[in-house]
Amino acid sequence: MEVRLGPQRAWMVCHPELVHRMLRDTRTFDKGGPQYERLRALMGDGVVTCPHAQHLRQRRLLQPTFRPAGVAAQTDVMAEEAESLCRDWRSGQRIDVSAATLGLTTRLISRVLLSDSLSPAAADEVRHCLAAIVRGLFVRTVVPVDALFRLPTPANRRYRRAVERVRELIDAAVAERRRGTARDDLLGLLLAAAEAEDGGIPVSDREVHDQLVSLLLTGSESPSMCLASAFSLLARHPEAERRLHAEVDTVLDGRLPDADDLPRLVYTRSVLTETLRHSPPGWLFTRVTTRETELAGRLLPRGTTVLYSPYLLHHDPASFPEPDRFLPERWLEGETPSGPHGALIPFAAGSRKCIGDLFSMAEMTVALATVAGRWRLRHPAGRVAPLRPGATLGPRSLTMICTARADAPGGTAPHAVALAPRSPTAASGPEKTRRDGDNGVHHA
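Every value quoted in this text rests on a predicted model; they were computed, and no experiment measured them.

## Considerations on the overall build of the chain
At step 1: Tallying secondary structure elements over the chain gives 15 helices and ten strands in all.
At step 2: Expressed as a percentage of its 444 residues, the buried residues of the chain come to 55%.
At step 3: Long-range pairs, those at least 24 residues apart, make up 77% of the contacts in the chain between residues at least 6 apart in sequence.
At step 4: Working note: accessible area of the chain is about 19,300 Å², and carbon and sulfur atoms make up 53% of it.

## Things to note about the nonpolar core
At step 1: Formed by 108 residues in total, the largest nonpolar core has its most connected members in W89, I133 and L212.
At step 2: Per element, the largest residue contribution to this core is 14 residues, and it comes from helix α10 (residues 205-235).

## Some details on the UniProt feature "binding site: heme" (unreviewed entry) in the chain
At step 1: Summarizing the sequence annotation, UniProt attributes the feature "binding site: heme" (unreviewed entry) to C354 in the numbering used throughout.
At step 2: Residue position: C354 is located in the loop between α13 (310-314) and α14 (357-372).
At step 3: For C354, a relative accessible area of 8% corresponds to the buried category.

## Let's talk about the packing of aromatic side chains
At step 1: Inspection of every chain in the model, using the stated rule, returns four aromatic pairs.
At step 2: On the basis of an interplanar angle of 55 degrees and a centroid distance of 6.1 Å, the ring pair of F320 and W331 is categorised as tilted. In this pair, F320 sits in the loop between α13 and α14 while W331 sits in the loop between α13 and α14, placing the two residues eleven residues apart along the sequence.
At step 3: We classify F320 as buried; its relative accessible area is 1%.

## Looking at the side chain of S220
At step 1: Examined against the element boundaries, S220 turns out to sit in helix α10.
At step 2: Among the polar contacts made by the side chain of S220, one reaches the main-chain carbonyl oxygen of L217 at a distance of 3.2 Å.
At step 3: Apart from residues no more than four positions distant in its own chain, S220 is found in contact with L102, T105, T106, I109, L130 and L215.

## Digging into the sheet that holds strand β9 (residues 375-378)
At step 1: If you trace the three strands from one edge of the open sheet to the other, you get β4-β10-β9, paired in antiparallel fashion. Across the chains shown, the open sheet's two edge strands, defined by having one partner strand only, are β4 (94-96) and β9. Taken pair by pair, the neighbouring strands of this sheet meet at an average axis angle of 40 degrees, ignoring direction.
At step 2: Here β9 runs beside strand β10 (residues 399-404); their pairing, made up of four bridges, is antiparallel.

What counts, and at which threshold
- Residues numbered from 1 in each chain as written.
- Predicted model: local features only at pLDDT ≥ 70, side-chain atom pairs only at ≥ 80, totals over all residues.
- Heavy atoms only, no water.
- Helix = DSSP H or I, 4+ residues; strand = E, 2+ residues; numbered from the N terminus.
- Buried < 20%, exposed > 50% of the residue type's maximum accessible area, 1.4 Å probe, protein only.
- Contact = heavy atoms within 4.5 Å.
- Areas by Shrake-Rupley, 256 points an atom, 1.4 Å probe, with all protein chains shown as cover.
- Core = buried A, V, L, I, M, F, W, Y, C linked by side-chain atoms within 4.5 Å.
- UniProt positions renumbered as here; feature names shortened; annotations may be inferred.
- Phe/Tyr/Trp six-rings, centres within 6.5 Å; stacked < 30°, edge-to-face > 60°.
- Polar contact = N/O pair within 3.5 Å; in protein donor to acceptor, adjacent residues only side chain to side chain.
- Pairing = 2+ DSSP bridges.
- Axes fitted to C-alpha atoms, helices over the stretch in contact; angles between N-to-C directions.

Structure (structure tokens):
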């Protein structure tokens, strides 16, 4: 389908098989177009935005941090931060859920990247900066007139201040680490690579900075949007919420989740998978052809901008019947498979599938189970505002009312009816999806 991006002509790829063909051929369909030009101005050439020629080396360098064993080792930290998130809530209190989830994911990704080199105050400052950056990114992506963003408007000043402050905080953390003790985190890995003398391509100070900024921004914004969307959707679907609470109560019995619990939280993971289908944080992406090529019978010249939208693919009734309905049961074992192979792609696919997919799914599962084991979240009276697309898709000012769960283990009301947990060794919904398709949050 032909579309317009300002004065430019572009093509939208609308079939999952064609999208997969494009995403697998990263030499021909490279990251580029207005979206990535603006992102590179913010993130540099880190693993999220770098061109194809640089990607494999960067991914191999960063991959150890995001392997399954590394993610499992972070589960206790995830649970600790999730418990801290809701520890001081009081029944009847209005919670800024958007701010709370962004604070959580910012703290978690900063601990993976930088250990404790970002103080709690600095991490909170990063969260505020991220909110300003994300608000400014979308308009910079779709409006091709650079001069507009050089004007001294309040919005432009806020965006520039936020970008500069994030860079300053990252640079300060790197400088502090160079003066201090080595740590077993991603910054430590990068600094060790920068100092290695093995004849490989050296890691420059600029690359260290770009990788940290890239992963901090993408590793906080997208999972926070997914979690906020999940809480909002659960409040509007009480039967799904009931099943979630029953599973969490049965599996955890009032304690915090650990790595061994993740395979048993089958319905919890299904809720998140369905949220990613229904309201994918990454909803629109661009690629640019590096040579003349054919796609679906169209001859695309070199330099053609090609778009694809996970949101459109996920809401195609040919792939997902009743696509606007929130149905976590789509992903449970024994249910009718939903859609053809590859129709679910919020993590992208191919060699540039998100490097942090396992980490994101684990942190969201832990966070959702921890909060749901203790609290119900309800929308205030009135109409629920529809999602408004920006650089990402999700609720940006979501306020909900929390109520302590009296029916939870240790509560004052009778225990919720429990669902028998599925076998952790079974090829159940989301686990099967991970092997057979693509499932997750953000592109790398």
